[in-house]
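# Observations on the three-dimensional arrangement
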Amino acid sequence: GAVVSQHPSWVICKSGTSVKIECRSLDFQATTMFWYRQFPKQSLMLMATSNEGSKATYEQGVEKDKFLINHASLTLSTLTVTSAHPEDSSFYICSARAAGTDGAEAFFGQGTRLTVV
Amino acid sequence: AQSVTQPDIHITVSEGASLELRCNYSYGATPYLFWYVQSPGQGLQLLLKYFSGDTLVQGIKGFEAEFKRSQSSFNLRKPSVHWSDAAEYFCAVGARAGTASKLTFGTGTRLQVTL
């Protein structure tokens, strides 16, 4: 149980285009989903927290107009990198917290490697 | 604000040797504590977690960790390391329910296993 699936696993896009990354909770309902960014050989940096049916809460320094997050259902959240540039190339990981659970436990997707050329 | 420190960036051990990865946290109350493992290009897999109760917690793959409140530590241990344990290990602290429940990660420790 508690499987989170991210799609795609990797994507290459041209500079200036937009890319959408999906995060799905396959066997549970996720009231809260988190989006992280990880640079090579570095830790995970939280970008934003999204709750189903409401606007995402972005961490300081994260451009909300560039990284659009939608959490329209209890099993799906999407991250859209708009007008991508090479500096947006990174590893993006989502995690999901199950509805009704206590505490901070969350389950992670396998990540999406974005390369902007 | 919560924070996590993993003092060792890189550790090398021989296969079969014991392992201890250090983790210190800063949090105003008793936190939720986690250890995750990440293989190259992959997401994070939960090794173990501490919420309450017994301070020595057992996880998957033969790992264990001990919560020491007096030292604000949650070190990860394994008595005998296998070559497949080579990976990046992250300690994380999370707030209790009723708050944002965000996880804060340490900078990670890269484990290399020599044969």
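Presented here is an overview of the structure given in this document.

### So, the pairing of strand E12 (residues 109–114) of chain B
For a regular strand, side-chain orientation follows a simple rule: the groups alternate between the two sheet faces. Residue and element names in this part refer to chain B. Covered by surrounding structure in E12 are Thr109, Leu111 and Val113 only, the residues Arg110, Gln112 and Thr114 on the alternate face being uncovered. Pairing between strand E2 (residues 10–14) and E12: 5 bridges, direction parallel. Its bridge partner being in E12, Ser14 is matched across the sheet by Thr114. In terms of strand pairing, strand E10 (residues 87–94) meets E12 through 3 bridges, oriented antiparallel. Residue pairing in the sheet places Glu88 in a bridge with Arg110 of E12.

### A short note on the side chain of B:Gln38
Along the polypeptide, B:Gln38 turns up in strand E5 (residues 32–38). A polar side-chain atom of B:Gln38 sits 2.7 Å from the main-chain carbonyl oxygen of B:Gln42.

### Describing the interface of chain B and chain A
Contact residues are listed per partner, giving 24 residues for chain B and 21 residues for chain A. Of the roughly 1600 Å² buried at the junction of chain B and chain A (both faces included), carbon and sulfur atoms supply 56%. Here chain B is connected to chain A by 0 salt bridges. Linking chain B to chain A there are 3 residue pairs in polar contact (both at pLDDT 80 or more). Broken down by secondary-structure element, the contributors of at least two residues to the side of chain B that touches chain A are E5, strand E6 (44–50), E10 and strand E11 (103–105) of chain B. When residues in the side of chain B that touches chain A are grouped by element, the largest group, 4 residues, is from E5(B). Of the residues that constitute the side of chain B that touches chain A, the class distribution is 12 nonpolar, 8 polar and 4 charged.

### Digging into a nonpolar patch on the surface
On the surface, A:Trp10, A:Ile12 and A:Val117 cluster together into a nonpolar patch covering about 380 Å² of accessible area. Within the secondary structure, A:Val117 is located in the segment after strand E11 (112–116).

### Side note on the pattern of salt bridges
Enumeration according to the criterion identifies 7 salt bridges over all chains in this entry. When the shortest N-O distance is used, the salt bridge between A:Arg24 and A:Glu22 registers 3.5 Å. A:Arg24 sits in the partly exposed class, given a relative accessible area of 34%. Note that B:Arg77 is salt-bridged to B:Glu66, the shortest N-O span being 3.4 Å. Remark: B:Glu66 occurs in strand E8 (residues 64–68) and B:Arg77 occurs in strand E9 (residues 73–78); sequence separation between them is 11 residues. Each member of the salt-bridge network shares a partner with another, and the members are B:Glu64, B:Glu66 and B:Arg77.

The rules behind the values
- Per chain, the residues get numbers from 1 upward, laid out in the order the sequence is written.
- Here the convention is simple: chains get letters from A, ligands get numbers from 1, in the order in which they are written.
- Residue-level local features of this predicted model are given only where pLDDT is at least 70; pairs of side-chain atoms are given and counted only at 80 or more, and the full residue set underlies all totals for whole chains, interfaces and linings.
- Hydrogens and water are ignored here; the side-chain numbers use all heavy atoms of the structure.
- With a 1.4 Å probe rolled over the protein chains alone, any residue whose accessible area is under 20% of its type maximum counts as buried; one over 50% counts as exposed, and the rest are partly exposed.
- A run of H or I in DSSP counts as a helix once it spans at least four residues, and a run of E counts as a strand once it spans at least two, with each numbered from the N terminus.
- In this scheme, strands are said to pair when DSSP sees at least two bridges between them.
- We call two N or O atoms a polar contact when they sit within 3.5 Å, provided that within protein one can donate a hydrogen and the other can accept it, with sequence-adjacent residues counted only if both atoms are side-chain atoms.
- Throughout, a contact is declared for two residues whenever any of their heavy atoms are within 4.5 Å.
- As used here, buried area is the combined drop in accessible area, with a 1.4 Å probe, of two parts when they are placed together.
- Any Lys or Arg side-chain nitrogen located within 4 Å of an Asp or Glu carboxyl oxygen qualifies as a salt bridge.
- Three categories are distinguished: nonpolar for Ala, Val, Leu, Ile, Met, Phe, Trp, Tyr, Cys and Pro, charged for Asp, Glu, Lys and Arg, and polar for the others, with Gly belonging to the last.
- In this analysis, a patch consists of residues with relative accessible area above 30% that form no salt bridge, clustered at 9 Å for like charges and at 5 Å for the nonpolar side chains Val, Leu, Ile, Met, Phe, Trp and Tyr.
- For the accessible areas, the method is Shrake-Rupley and the probe is 1.4 Å, while residue cover comes only from the protein chains on display.

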